[in-house]
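# Examination of the molecular architecture
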Amino acid sequence: MTTALQVSPIYQRFRQFALSREDKPALLVGRSRLSYGELLRQVDALSDGLAAAGIGSGDHVGLLLPNCPEFVLLLLAGARSGLVIVPQSIGLSAPAVEAAFRAADVRHLISWAAIAGTLTAATRELASTRVTVGGNVAGWTSFAEIIASGSEAPRNAPLLATDLPYLMVLTSGSTGKPKPIVLSQHTKILRADAAAKLYGVSDADITLAATPLYHSLAQRLVLLPLLSGGTCVLLEHFTASTWSGAVRSRQVSFSIAVSSQLRQILAHLQATGESLPSLRCLVSSSAQLDVDTKRALLGHLRCDFHECYGTS
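The paragraphs below set out a description of the structure included in this document. Bear in mind that the values here come from a model prediction, so they are computed numbers and not experimental data.

What counts and how
- Residues numbered from 1 in each chain as written.
- Predicted model: local features only at pLDDT ≥ 70, side-chain atom pairs only at ≥ 80, totals over all residues.
- Heavy atoms only, no water.
- Helix = DSSP H or I, 4+ residues; strand = E, 2+ residues; numbered from the N terminus.
- Rg over C-alpha atoms; globule rule 2.2 N^0.38 Å.
- Buried < 20%, exposed > 50% of the residue type's maximum accessible area, 1.4 Å probe, protein only.
- Contact = heavy atoms within 4.5 Å.
- Lys, Arg positive; Asp, Glu negative; His and termini not counted.
- Charge placed at Lys NZ, Arg CZ, Asp CG, Glu CD.
- 1 Å grid on protein atoms, 1.4 Å probe; cavity = no way out; pocket = protein on both sides within 12 Å on 5 of 7 lines; lining within 4 Å.
- Points joined across faces, edges and corners; volume = space filled by probe spheres on them.
- Nonpolar A, V, L, I, M, F, W, Y, C, P; charged D, E, K, R; others polar.
- Pairing = 2+ DSSP bridges.
- Axes fitted to C-alpha atoms, helices over the stretch in contact; angles between N-to-C directions.
- Salt bridge = Lys/Arg side-chain N within 4 Å of Asp/Glu carboxyl O.
- Right-handed = clockwise from strand over helix to strand, strands pointing away.
- Polar contact = N/O pair within 3.5 Å; in protein donor to acceptor, adjacent residues only side chain to side chain.
- Core = buried A, V, L, I, M, F, W, Y, C linked by side-chain atoms within 4.5 Å.
- Phe/Tyr/Trp six-rings, centres within 6.5 Å; stacked < 30°, edge-to-face > 60°.
- Lys NZ or Arg CZ within 6 Å of the ring centre and 35° of its normal.

### Thoughts on the overall build of the protein chain
- Looking only at helices and strands, the protein chain features 12 helices and 16 strands.
- Taken over the C-alpha trace, the protein chain has a radius of gyration of 19 Å; the compact-globule value for 312 residues is 20 Å, and the two agree within 12%.
- Considered along the principal axes of its C-alpha atoms, the protein chain spans approximately 55 × 45 × 45 Å.
- Taking all 312 residues of the protein chain together, 52% fall into the buried category.
- For the protein chain, restricting intrachain contacts to residue pairs at least 6 apart in sequence, the fraction spanning at least 24 positions comes to 69%.
- For the protein chain, the centre of its 26 positive side-chain charges and the centre of its 22 negative side-chain charges are spaced 4 Å apart.

### So, the side chain of His60
- Structurally, His60 is set in strand 4 (residues 60-64).
- The buried category is assigned to His60, whose relative accessible area is 17%.
- Ignoring anything within four residues of it in the chain, the contact list for His60 reads Val84, Val86, Ala104, Asp105, Val106, Arg107, His108 and Met168.

### Here's the deal with empty space enclosed by the protein
- Overall, the coordinates contain 1 cavity of 30 Å³ or more when judged by the stated rule.
- As a volume, the largest cavity reaches approximately 90 Å³.
- Surrounding the largest cavity, Gln6, Ser8, Pro9, Leu160, Ala161, Thr162, Leu164, Ser184, Gln185 and His186 form its lining.
- Among the secondary structure elements, those contributing two or more residues to the lining of the largest cavity are strand 9 (159-161) and helix 8 (185-199).
- Of the residues assigned to the lining of the largest cavity, the class counts are 4 nonpolar, 6 polar and no charged.

### With respect to the sheet that holds strand 15 (residues 281-285)
- In space, the 7 strands of this open sheet follow the order 3-2-13-12-14-15-16, with mixed pairing throughout. Each end of this open sheet is capped by a strand with a single partner; those strands are strand 3 (32-35) and strand 16 (304-307). Looking at each pair of strands side by side, their axes are set apart by 15 degrees on average, direction ignored.
- Against the sheet, helix 10 (residues 240-250) touches strand 2 (25-29), strand 12 (206-209), strand 13 (231-234), strand 14 (254-258) and strand 15, its axis set at about 165 degrees to strand 12.

### As for the pattern of salt bridges
- In the structure shown here, the tally under the stated rule is 12 salt bridges.
- Residues Asp105 and Arg107 are paired through a salt bridge, measuring 2.8 Å at the closest nitrogen-oxygen approach.
- You can call Asp105 partly exposed: its relative accessible area is 37%.
- Residue classification places Arg107 among the partly exposed positions, given a relative accessible area of 40%.

### Quick word on the pairing of strand 13
- Every second residue of strand 13 is oriented toward a common face, with Thr231 and Val233 on one face and Cys232 and Leu234 on the other, all of them buried.
- Strand direction decides the pairing type here: strand 2 and strand 13, joined by 3 bridges, are parallel. Among the inter-strand pairings, Val29 is bridged to a residue of strand 13, identified as Leu234.
- Summarising the sheet, strand 12 and strand 13 pair through 4 bridges and their orientation is parallel. Considered in strand 13, the bridge of Thr207 is made with Cys232.
- In this region the chain leaves strand 12, passes through helix 9 (residues 216-226) and returns to the parallel neighbour strand 13; the handedness of that crossover is right-handed.

### A closer look at the layout of surface pockets
- Roughly 190 Å³ of volume is contained in the second largest pocket.
- Along its surface, the second largest pocket is lined by 15 residues, and Pro66, Asn67, Pro212, Tyr214 and Glu236 are the ones closest to its centre.
- Residues belonging to the lining of the second largest pocket are distributed by class as follows: 9 nonpolar, 5 polar and 1 charged.

### A closer look at the environment of Arg155
- Mapped onto the elements, Arg155 comes out in the loop between helix 7 (143-149) and strand 9.
- For the pair Arg155 and Asp44, spaced 111 residues apart in the sequence, the C-alpha separation amounts to 9.1 Å.
- Contacts of Arg155, omitting those with residues within four sequence positions, involve Asp48, Ala51 and Arg80.
- Looking at Arg155, its side chain comes within polar contact range of the side chain of Asp48, at 3.2 Å.

### Thoughts on the nonpolar core
- Counting 64 residues, the largest nonpolar core has Phe14, Leu39, Leu46, Leu76, Leu226 and Phe254 as the members making the most contacts within it.
- Per-element tally for this core: the top contributor is helix 3 (residues 69-81), with 8 residues.
- Excluding anything up to four places from it in sequence, Leu226 contacts Phe14, Phe17, Ala26, Tyr36, Leu39, Val72 and Leu76.
- Within the second largest apolar cluster, 23 residues are counted, among which are Val233, Leu276, Cys303 and Phe305.

### What to know about the packing of aromatic side chains
- If you walk through the whole model with that rule in mind, you get 2 aromatic pairs.
- Over the ring of Tyr11 we find Arg80; its NZ or CZ atom is 5.0 Å from the centre of that ring.
- The positively charged end of Arg130 is found above the aromatic ring belonging to Trp140, 5.8 Å away from the centroid.

And the structure:
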């Protein structure tokens, strides 16, 4: 049976919105601001640069990055090129990183410069291509070089197998051995569309992602606005004050936070007396929110409030 081929559905939809609203803010991370047009051009250049570096469709690419614009660029360029993205926490020990990337058959590595030198020699040897973000490291190619080597008007996006994996998340389960959970582009689009329908997210919304991008929740909160024509605000580091500050300064209207974050946010709001009038809808995820915290949040905020639970 022949596998069907198509252009990356994530890239195709993102590009459609980018071409129709080039000047609209697409991604806000710290002081970095990228419009849809700028983001599209950088995604295309990155995709072309990765191809020139020998990273192509079906290749497993390990990511060790904090929340940063480059992580989002890699999610979109990876979708365009048909890469299999394997993100891991930068807080993992070097042996744990090695075990995870061996289990996922990683062949290329993109790492935050500050931790590239802490990786085991065996981890570095797994990767035929090694790229650093946030600085230069001897023996590695910088992310800036990869983008500079690509064209902002590259060849057409390749046709990809419809069953090609897109994200590979690793969980240790009960045995301690990394187990891959494979998600396709189709699955990520279905999840984004389901959230948009359930919570009424539209191109008018400004969505805040405040959990680590190696987790599925933050990936969803980044892709959701970019696949619906809205604006994504990505928090580099979560604290209750930075979260509420981002909601106020960016006029955030939608977010999903894990329940432990919401307890901290509630305490901050109660201590400061702040209100967040721009919030239209807030969702609690992960562990169940206790009744007292839920009641207090409902009394303090003036927005729709929901709970959801998701398992790997």
